[in-house]
Amino acid sequence: MEQNIFSPRIQKVNNDTISSFLRSTAQGILIVLFGFLPIFFVPGIYTSLGFTKVYFTALGVFAALVLLSLSILRSGSARVVVPPALAFFWLFSLTALASALLSGDSQDALYGNVLEVHTAGFLVLMALVMTVAMSFSSAKSGVTRLFTALGVGAILLQVFHILRLFIGPEFLSFGIFTSPTVSLIGSFNDLAIFSGLVILVSLMVMQQMSARFVGKAFSLLLIVSSLILLAVVNFYTVWLIVGFLALLMCLYLISKDTWLKTTETDSLPVSRFTLSMVGLVCIVSAGFIVSGDFLGNSVSRLTDISYLEIRPSASATLDITKAALGENALLGVGPNRFEDAWREYKNPVINQTVFWNTNFSAGNGYIPTLFVTTGLAGGAFLLLFLGAFLYLGYKTLLVSKVADQGWYLVGSVAFLSASYLWVMTLVYVPGVSILLLSALMTGISFAVYVTVKENTGVIIDVTTSRQYGLLLIAAVLVIIISSTLSVIGLSKQFVSNVVYADTVRAFQVGSDLASVEAGLTRASELNSQDLFVSERAQIRLAELNNLSAVDPASFDEQRFAAVLAEGIALAEQAIALDGTNPNNYILLTNFYGLLDPTQFEGVRERNEALFARARELDGTNPYYFILMAQYKARIGDLEASRTHLEEAIQLKSNYTDALFLLSQLDIQEGNTEAAIAGTRSIISLEPNNPTRYFQLGVLLATTNNLTAAAEAFEFAVSLDTNYANARYFLGLTYLDLEREEDALTQLRIVQQTNQDNEIVRTLIEQVETGTYVRPEVGMEVPIENEGGVSQSEDVTTTTERPDTDLVTPLNQTGTEAGAEEEQSEETTSETPQ
């Protein structure tokens, strides 16, 4: 009889214990995961650092989600509270999913190559982070441990970078962080954003701390180290926000315990230490805001660190937005497809700048980019989310009058952090760590709201209705199955990229093509991406070039045909995987270009159709006209080749490749003198166009008028000191004039910016050893990508971060004055003011 009485109670206690254990475990996973997210990396894995963080974050979030759902199932009851801001963000994520499925390139839009921050999959992950972070409601100790872990992670991150700053980038590089501008948290600007966040949170928490030495030392270390790193990066927007908020805090602290003091307040008195720290941040911020160029250049010289990020300007992003929404107003071009929109809609004026062949994966800011990719529907839900979040913070912190000072501090820190990070997404495209921290702090703000609003929400209790129990079981089952499938798919994608990164790394250190092919094949089997397939096709192209280079007597025609067929099949497969990438079509033209159109019917028409499709996808890029001109010249159609070159010059008047090839056609056709006269006439109309002097120098050198040719090349170099091809041909001309020392001077300057160019290196060695043989001049310029900026260069081209007009170098630590001189009024540089 007694057992029957106590049995239900014991069962209830066991249920509560197990449910609490599951919930605590889920919180523990989130604490470790996000506490050390800024410094998380896996040594020996050379794939994208951002993807590594996303992958392990997703694993942790899915694990926490399953544990939380099991906890609710075990307890049999739950209070469901959905803040309007969270609902709006989920609606935004679902809109992004719909846009991705209807985009025409669903693979890139859903999860891309490495689950980029613009993909629909990443947006869903952010929504999940916000949702699971609400598990910290009514769990003050859990939130405290989370913030403590974040503080420890912040200190380790600061110490890591401070040590590398003084010791050198080779210290603690782990084979991954080989450059001083590579950060554990992501990009160098991400480090600046995080440093600004650390400063703001430290100043806020400091006001609530007791005057203990350990707390003061901890705050001093965080603030000073963050100011040092922010000074090194010199991110102007962060200085503005930090300086403004620090000034507000300073004014508040000065007035806090005088005329702002109320009879109800029991807050700690303002300490001199707190006031001095706030004053320090104000003074340093003001210095970099007022004289950022001078101080930034001084810090750059002191640390020998120079950093520059390029982004489209606000006006260029707005132009792309208008054009994209004109085609698909409701859902946009699709998540993660800003690069496609940029190629299709960019202003042709950009062709006159060094960024003419640069493809940007995002616009001026993260949120402006989402308007392009998710349309008016996605943009509307995103704005509603931001508005609802601000209103939630107002209600929670100002209207509700939180009685518990601990929860009030948690809410203030979370709301300030999330608001600061979301503001940064308006003007910049942060990396994975910053965006996931934005979602986390937003979720913590929701948790505080749920804690404060104890009487809100819907109570679900299975003891009141069996139907609730069945629905709860079904919901948990859906969560477990969907989480498992998501983890499997994401794991395949992650492993495939790890294999690909290892394959590329092995190739760079001398691995044979067979091993590279095996690695690429394995990566493709795990996760089909056009990148992997196109790389395999490139291997076939390299093999075809090797086969063509052998003696005709030993030419293996059967092997050549077999490799050619494989290459064409792989290139067509790449097109099938991503039909919006013009590079895949150009890759296929490389194979068809090896076939003689007189012997293979339809090859010429097929090649022209491929070029046309590439131009359709990237309509303002003159590069495709050059490729078409080269193809037409190879098959003997010089008139068509000239037409395509003139079309390229119309798009880009300073296009060295086109002018050089046009000169070669004039020489080949015996029209050199007429071409010289025509070029001189154009120079009279364009006296400051260095490429026209280059063209004139090439033509004059052909007529053996070496002195005049040297003068033309010298004038081109004087107009553009970075004109490598002009310097190269000036060096050749000096050699013909027997001015070896002058030639070596020019060639060594060229080598400084083209260290991997075998032609230049060999030429210098020949001149120095007295074995100089003049290289044969073909139909291509010796220095490729003249004046262009590629994603692989030290200049980072992302949508990053005042504004001239179309393309914006965001922040430039130690960038020389005059970096903007070559940019037209349609092209912009964002530099610290």
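Everything in this summary refers to the structure shown in the same document. (Residues numbered from 1 in each chain as written. Predicted model: local features only at pLDDT ≥ 70, side-chain atom pairs only at ≥ 80, totals over all residues. Heavy atoms only, no water.)

Details of the overall build of the protein chain
Part 1 of the argument: Of regular secondary structure, the protein chain possesses 31 helices and 5 strands.
Part 2 of the argument: In the structure as shown, the protein chain presents an accessible area of about 36600 Å², 59% of it carried by carbon and sulfur atoms. (Helix = DSSP H or I, 4+ residues; strand = E, 2+ residues; numbered from the N terminus. Areas by Shrake-Rupley, 256 points an atom, 1.4 Å probe, with all protein chains shown as cover.)

Let's talk about the environment of phenylalanine 166
Part 1 of the argument: Mapping phenylalanine 166 onto the fold places it in helix 6 (residues 140–167).
Part 2 of the argument: Using a relative accessible area of 66% as the deciding quantity, one classes phenylalanine 166 as exposed.
Part 3 of the argument: Considered as a pair, phenylalanine 166 and threonine 303 are 137 residues apart in the sequence and their alpha carbons are 7.9 Å apart. (Buried < 20%, exposed > 50% of the residue type's maximum accessible area, 1.4 Å probe, protein only.)

Some points on the pattern of salt bridges
Part 1 of the argument: The full count for this structure, using the stated rule, is 17 salt bridges.
Part 2 of the argument: The salt bridge partner of arginine 343 is aspartate 340, with a shortest N-O separation of 2.5 Å. Of this pair, arginine 343 and aspartate 340 both sit in helix 13 (residues 338–345), 3 residues apart, roughly one helical turn. Pair check on accessibility: arginine 343 and aspartate 340 agree, each one buried.
Part 3 of the argument: One salt bridge in this structure joins arginine 748 and glutamate 768, with 2.7 Å as the shortest N-O distance. With a gap of 20 residues between them, arginine 748 in helix 30 (residues 740–753) and glutamate 768 in helix 31 (residues 758–769) connect regions that are remote in the sequence. (Salt bridge = Lys/Arg side-chain N within 4 Å of Asp/Glu carboxyl O.)

Observations regarding the packing of helix 9 (residues 236–256) against helix 10 (residues 272–290)
Part 1 of the argument: Contact pair helix 9 / helix 10: the axes reach a minimum separation of 8 Å and the direction vectors enclose 145 degrees. Here helix 9 and helix 10 pass one another in a crossing that is left-handed. Residue-level inspection shows Tyr236, Trp239, Leu240, Val242, Gly243, Ala246, Leu247, Met249, Cys250, Leu253 and Ile254 of helix 9 in contact with helix 10, the latter providing Thr274, Leu275, Val278, Val281, Cys282, Val284, Ser285, Phe288 and Ile289.
Part 2 of the argument: Here the contact of helix 9 with helix 10 is composed, by residue class, of 17 nonpolar, 3 polar and no charged. (Axes fitted to C-alpha atoms, helices over the stretch in contact; angles between N-to-C directions. Left-handed = near helix turned anticlockwise from the far one by under 90°. Contact = heavy atoms within 4.5 Å. Nonpolar A, V, L, I, M, F, W, Y, C, P; charged D, E, K, R; others polar.)

Here we look at the nonpolar core
Part 1 of the argument: Formed by 139 residues in total, the largest nonpolar core has its most connected members in Phe34, Phe122 and Leu203.
Part 2 of the argument: Element by element, the count of residues in this core is highest for helix 16 (residues 432–452), at 14 residues.
Part 3 of the argument: Excluding residues within four positions of it along the chain, phenylalanine 34 makes contact with Thr57, Val61, Val129, Leu146, Leu150, Leu436, Leu437 and Leu440.
Part 4 of the argument: In this structure, Ala724, Leu730, Leu747 and Val760 belong to the second largest nonpolar core, which totals 34 residues. (Core = buried A, V, L, I, M, F, W, Y, C linked by side-chain atoms within 4.5 Å.)

Looking at the packing of helix 2 (residues 49–75) against helix 5 (residues 120–133)
Part 1 of the argument: Orientation of helix 2 relative to helix 5, taken along the N-to-C sense of each, is 45 degrees, at an axis distance of 10 Å. Classified by the angle their axes make, helix 2 and helix 5 are oblique. Between helix 2 and helix 5 the crossing geometry is left-handed. The residues of helix 5 that touch helix 2, namely those facing Val54, Ala58, Val61, Phe62, Leu65 and Leu68, are Phe122, Leu125, Leu128, Val129 and Val132.
Part 2 of the argument: Its residues assigned to classes, the contact of helix 2 with helix 5 shows 11 nonpolar, no polar and no charged. (Parallel < 35°, antiparallel > 145°, perpendicular 65-115°, else oblique.)

Some words on the state of the cysteines
Part 1 of the argument: Taken as a whole, this structure holds 0 disulfides when the rule is applied.
Part 2 of the argument: A disulfide-free cysteine, cysteine 250 has its sulfur positioned 5.0 Å from the sulfur of cysteine 282, the nearest such atom.
Part 3 of the argument: On the basis of relative accessibility, which here comes to 15%, the residue cysteine 250 falls in the buried class.
Part 4 of the argument: Owing to a relative accessible area of 15%, cysteine 282 belongs among the buried residues under this scheme. (Disulfide = S-S within 2.5 Å.)

Description of the packing of aromatic side chains
Part 1 of the argument: Under the counting rule described, the total for this entry stands at 31 aromatic pairs.
Part 2 of the argument: Judged by centre distance (6.3 Å) and plane angle (55 degrees), the rings of phenylalanine 89 and tryptophan 422 are tilted. Remark: tryptophan 422 occurs in helix 15 (residues 405–427) and phenylalanine 89 occurs in helix 3 (residues 84–101); sequence separation between them is 333 residues.
Part 3 of the argument: Residue class for phenylalanine 89 comes out buried when judged on its relative accessible area of 1%. (Phe/Tyr/Trp six-rings, centres within 6.5 Å; stacked < 30°, edge-to-face > 60°.)

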